[in-house]
Amino acid sequence: MGFLDILLGRTKAVAPDLDQLFGLPSAAVTLQAAAGFTPTGTGAVCFASVEGGAFAQAHQEVQELLDADAERTGPPVEVSRDEYGYSWLVSRREPDDLPALVGDLHAVNSALEDSGFGPQLLCSVAGFQDTGQRRLGLVYLYKRGTFYPFAPLAGEAQRRDNALELQVKAALADDLRIEQDLSRWFPIWGAPGL
């Protein structure tokens, strides 16, 4: 970063740090104690699809890698596309096996990054809910290396529970690298598992 960048207020982009994902299990303990939210066992990686054989092959290899896990129970890894045209690779584990789910999310991100498709990675999300069936996603922004909470309101047409999101932000400040720029807390309407 040069002198002109400092004067103009430009900052250097943060490099993705996929190891930040491994902070989710300890953050889940804090989240349960502070707000009563527990993991749902569902997580997903969102990426912009690219046409071409190389991307299709990398995508297929990632899916086969996760489906080959002998400890996986329940449905295999799913691929879906949202209304905005983004692809989601969805993994489902037992709700009490958040470390395995985080391993899946890390493996997907790493495999796509290693295949040269890092720029297509957008975010990863792990789902949570409380006893009142309120939903919450902890979203990892790949390009920022930070997390933020996303809490859609049940039964509402694309409305968020902003108070809950700010409560979770405060509760997890010591557990995860939280995105401080609230304008980057993008809504992920229709995300699988939320």
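Notes on the structure in this doc start here.

Conventions and cut-offs
Residues numbered from 1 in each chain as written. Predicted model: local features only at pLDDT ≥ 70, side-chain atom pairs only at ≥ 80, totals over all residues. Heavy atoms only, no water. Helix = DSSP H or I, 4+ residues; strand = E, 2+ residues; numbered from the N terminus. Buried < 20%, exposed > 50% of the residue type's maximum accessible area, 1.4 Å probe, protein only. Contact = heavy atoms within 4.5 Å. Areas by Shrake-Rupley, 256 points an atom, 1.4 Å probe, with all protein chains shown as cover. Core = buried A, V, L, I, M, F, W, Y, C linked by side-chain atoms within 4.5 Å. Polar contact = N/O pair within 3.5 Å; in protein donor to acceptor, adjacent residues only side chain to side chain. Pairing = 2+ DSSP bridges. Axes fitted to C-alpha atoms, helices over the stretch in contact; angles between N-to-C directions. Salt bridge = Lys/Arg side-chain N within 4 Å of Asp/Glu carboxyl O.

Quick word on the overall build of the protein chain
Turning to step 1, where the next piece is worked out: When helices and strands are counted, the protein chain shows five helices and six strands.
Turning to step 2, where the next piece is worked out: Counting every position in the protein chain, which comprises 194 residues, the buried fraction comes to 43%.
Turning to step 3, where the next piece is worked out: If you take every contact in the protein chain between residues at least 6 apart in sequence, the share linking residues at least 24 apart comes to 64%.
Turning to step 4, where the next piece is worked out: For the protein chain, the exposed surface amounts to about 9800 Å²; the carbon and sulfur share of it is 53%.

Quick word on the nonpolar core
Turning to step 1, where the next piece is worked out: Leu31, Trp88, Phe128 and Ile188 are the most contacted members of the largest nonpolar core, which totals 51 residues.
Turning to step 2, where the next piece is worked out: The element contributing the most residues to this core is helix α4 (residues 98-117), with seven residues.
Turning to step 3, where the next piece is worked out: Excluding its chain neighbours within four sequence positions, the residues that come into contact with leucine 31 are Gly36, Phe37, Phe128, Leu136, Leu138, Val168 and Leu172.

Comments concerning the environment of alanine 33
Turning to step 1, where the next piece is worked out: Its place among the elements puts alanine 33 in helix α2 (residues 24-35).
Turning to step 2, where the next piece is worked out: Considering only alpha carbons, one finds alanine 33 and alanine 171, 138 residues apart in sequence, at a separation of 9.3 Å.

Regarding unusual backbone geometry
Turning to step 1, where the next piece is worked out: Backbone geometry places glutamine 133, a non-glycine residue, at a positive phi of 70 degrees.
Turning to step 2, where the next piece is worked out: Inspection of the secondary structure assignment puts glutamine 133 in the loop between β4 (121-129) and β5 (135-141).
Turning to step 3, where the next piece is worked out: The class for glutamine 133 is partly exposed, based on a relative accessible area of 47%.

Regarding the side chain of threonine 42
Turning to step 1, where the next piece is worked out: Looking at the element boundaries, threonine 42 is found in strand β1 (residues 38-47).
Turning to step 2, where the next piece is worked out: Taking the relative accessible area as the measure of exposure, threonine 42 reaches 9% and is therefore buried.
Turning to step 3, where the next piece is worked out: Among the polar contacts listed, one links the side chain of threonine 42 to the side chain of arginine 92, at a separation of 3.3 Å.
Turning to step 4, where the next piece is worked out: If we skip the residues at most four places from it in the chain, threonine 42 touches Val90, Ser91, Arg92, Leu101, Val125, Ala126, Gly127, Pro192 and Gly193.

Brief notes about the sheet that holds strand β2 (residues 78-81)
Turning to step 1, where the next piece is worked out: The strand order across the open sheet formed by six strands is β2-β3-β1-β4-β5-β6, and the pairing between neighbours is antiparallel. Strand pairing shows two members of the sheet lacking a second neighbour, β2 and β6 (146-150), which therefore form its edges. In this sheet, adjacent strand axes meet at a mean angle of 25 degrees when their direction is disregarded.
Turning to step 2, where the next piece is worked out: Bridging between β1 and strand β3 (residues 87-92) involves six bridges; their strand directions are antiparallel.

Details of the pattern of salt bridges
Turning to step 1, where the next piece is worked out: Going through the model one piece at a time under the given rule, you end up with eight salt bridges.
Turning to step 2, where the next piece is worked out: Of the charged contacts in the structure, one is a salt bridge between arginine 134 and aspartate 130, with a shortest N-O distance of 2.7 Å.
Turning to step 3, where the next piece is worked out: On the basis of relative accessible area, arginine 134 is assigned to the partly exposed category, the value being 35%.
Turning to step 4, where the next piece is worked out: Aspartate 181 serves as the salt-bridge partner of arginine 184, at 3.7 Å between the closest nitrogen and oxygen.
Turning to step 5, where the next piece is worked out: By sharing partners, the salt bridges in this structure join Asp130, Arg134 and Asp161 into a single network.

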